[in-house]
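Overview (structure and organization)
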Amino acid sequence: MSNRLPILYSFRRCPYAMRARMAIKTAGISVEQIEVSLKHKPRDLLECSPKGTVPVLVTLDGEVIEQSRDIMSWALQKSDPGNWLLKENDLKQQAMTQLVDKCDFEFKPFLDRYKYFDRYPEESQEEYRSRAENFLTELNTALSKHAFLIDDNMRFADAAIFPFIRQFAAVDMEWFKQSSYTHVQRWLEVCVGTETFLKIMEKQRE
Ligand SMILES: N[C@@H](CCC(=O)N[C@@H](CS)C(=O)NCC(=O)O)C(=O)O
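Residues numbered from 1 in each chain as written. Predicted model: local features only at pLDDT ≥ 70, side-chain atom pairs only at ≥ 80, totals over all residues. Heavy atoms only, no water.

1. Looking at the domain arrangement of the protein
For the protein, the domain assignment lists domain 1 (7-81) and domain 2 (90-192). Computed over C-alpha atoms only, the centres of domain 1 and domain 2 are separated by 23 Å. At the junction of the two partners, domain 1 supplies 10 residues and domain 2 supplies 16 residues. Approximately 1,100 Å² of surface area, both sides summed, lies buried where domain 1 meets domain 2, with 66% of it carried by carbon and sulfur atoms. Per-residue buried area on domain 1 facing domain 2 is highest for Pro 15, Arg 19 and Arg 69; these three make up 50% of the total on that side. Remark: the boundary between domain 1 and domain 2 carries three salt bridges. Elements that contribute at least two residues to the side of domain 1 that touches domain 2 include exactly helix H1 (15-27) and helix H3 (68-78). (Domains from an automatic or database assignment. Contact = heavy atoms within 4.5 Å. Buried area = accessible area lost by both parts, 1.4 Å probe. Salt bridge = Lys/Arg side-chain N within 4 Å of Asp/Glu carboxyl O. Helix = DSSP H or I, 4+ residues; strand = E, 2+ residues; numbered from the N terminus.)

2. Thoughts on the environment of Ile 161
Take Ile 161: it is sitting in helix H6 (residues 156-171). On the basis of relative accessibility, which here comes to 0%, the residue Ile 161 falls in the buried class. Those residues within four positions of Ile 161 in sequence are excluded, and the remaining contacts are Leu 99, Val 100, Cys 103, Phe 135, Leu 139, Leu 149 and Trp 187. (Buried < 20%, exposed > 50% of the residue type's maximum accessible area, 1.4 Å probe, protein only.)

3. What about the site of the ligand?
Around the ligand, the neighbouring residues are Cys 14, Tyr 16, Leu 38, Lys 41, Gly 52, Thr 53, Val 54, Pro 55, Glu 66, Gln 67 and Ser 68. The separation between an oxygen atom of the ligand and a polar main-chain atom of Val 54 is 2.8 Å. In the environment of the ligand, an oxygen atom lies 2.6 Å from a nitrogen or oxygen atom belonging to the side chain of Ser 68. In the complex, the protein chains occlude 71% of the 510 Å² of accessible area that the ligand would expose alone. Partitioning the shell around the ligand into residue classes produces five nonpolar, four polar and two charged. (Near = heavy atom within 4 Å. Polar contact = N/O pair within 3.5 Å; in protein donor to acceptor, adjacent residues only side chain to side chain. Areas by Shrake-Rupley, 256 points an atom, 1.4 Å probe, with all protein chains shown as cover. Nonpolar A, V, L, I, M, F, W, Y, C, P; charged D, E, K, R; others polar.)

4. What to know about the side chain of Asp 158
Along the chain, Asp 158 falls in helix H6. An unpaired buried charge is present at Asp 158: no salt bridge exists, and Arg 155, the closest side chain of opposite charge, is 6.3 Å distant. From its side chain, Asp 158 meets the backbone nitrogen of Arg 155 in a polar contact 2.9 Å long. A distance of 2.8 Å separates the side chain of Asp 158 from the side chain of Trp 187, its partner in a polar contact. (Lys, Arg positive; Asp, Glu negative; His and termini not counted.)

5. Concerning the nonpolar core
Residues Phe 107, Leu 139, Ile 161, Ile 165 and Trp 187 are the most contacted members of the largest nonpolar core, which totals 56 residues. Contributing elements (two or more residues each) for this core: H1, H3, helix H4 (90-115), helix H5 (125-145), H6, helix H7 (173-178), helix H8 (182-192) and helix H9 (195-204). A total of 10 residues in this core trace back to one element, the largest contributor, which is H6. Ignoring anything within four residues of it in the chain, the contact list for Ile 165 reads Phe 107, Phe 135, Leu 136, Leu 139, Val 184, Trp 187 and Leu 188. Judged by nonpolar contacts, the second largest core, of nine residues, contains Tyr 9, Cys 14, Ala 17 and Leu 45. (Core = buried A, V, L, I, M, F, W, Y, C linked by side-chain atoms within 4.5 Å.)

What follows is the structure, encoded as structure tokens:
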């Protein structure tokens, strides 16, 4: 019998990798995690995924999954004990997809500009933050209605989004804490305090 495991190429501070690892952990799937340096990407990684971003998962069948959301879905299709995929609810699934799309394609570019404002001198850091805040406002409204983004339980959307809000908060924690996004603050604290998140972060220090 083979002892091989799927391989996950990861990078410890990467929010995309965190969301993938959250789903893999919650599904109870064991993987061989290879921590990569983004400056010196291993040849194995570039051979199977020339685009050179992480996370990348190589399954036991040799399938290469190159997008963090697809890795989450792959893991949760195998086992979804907390019903993160909301399989029986098409409407909520659509809401999740829309929210994660907004995170990845609208919020994330402004998060990068807010965090690395010196690389984007066209606008001020405050301007980038205020554009990113559109997404926080939307999350705050959703979180004023239920404990998590879609309902009262952690779902795919929460796990996919909170690592980015964590990164946003960390740019200027003082500002974030005094901001009016009180529901987002509470939700973020809950997400980073989950056993799943604590476990994946703990593992990184091994
Ligand atoms: N759309 C990809 C984005 C992944 C991504 O951009 N990862 C960053 C690290 S957080 C990366 O690998 N960047 C490549 C580099 O910096 O060379 C996904 O969802 O997995």
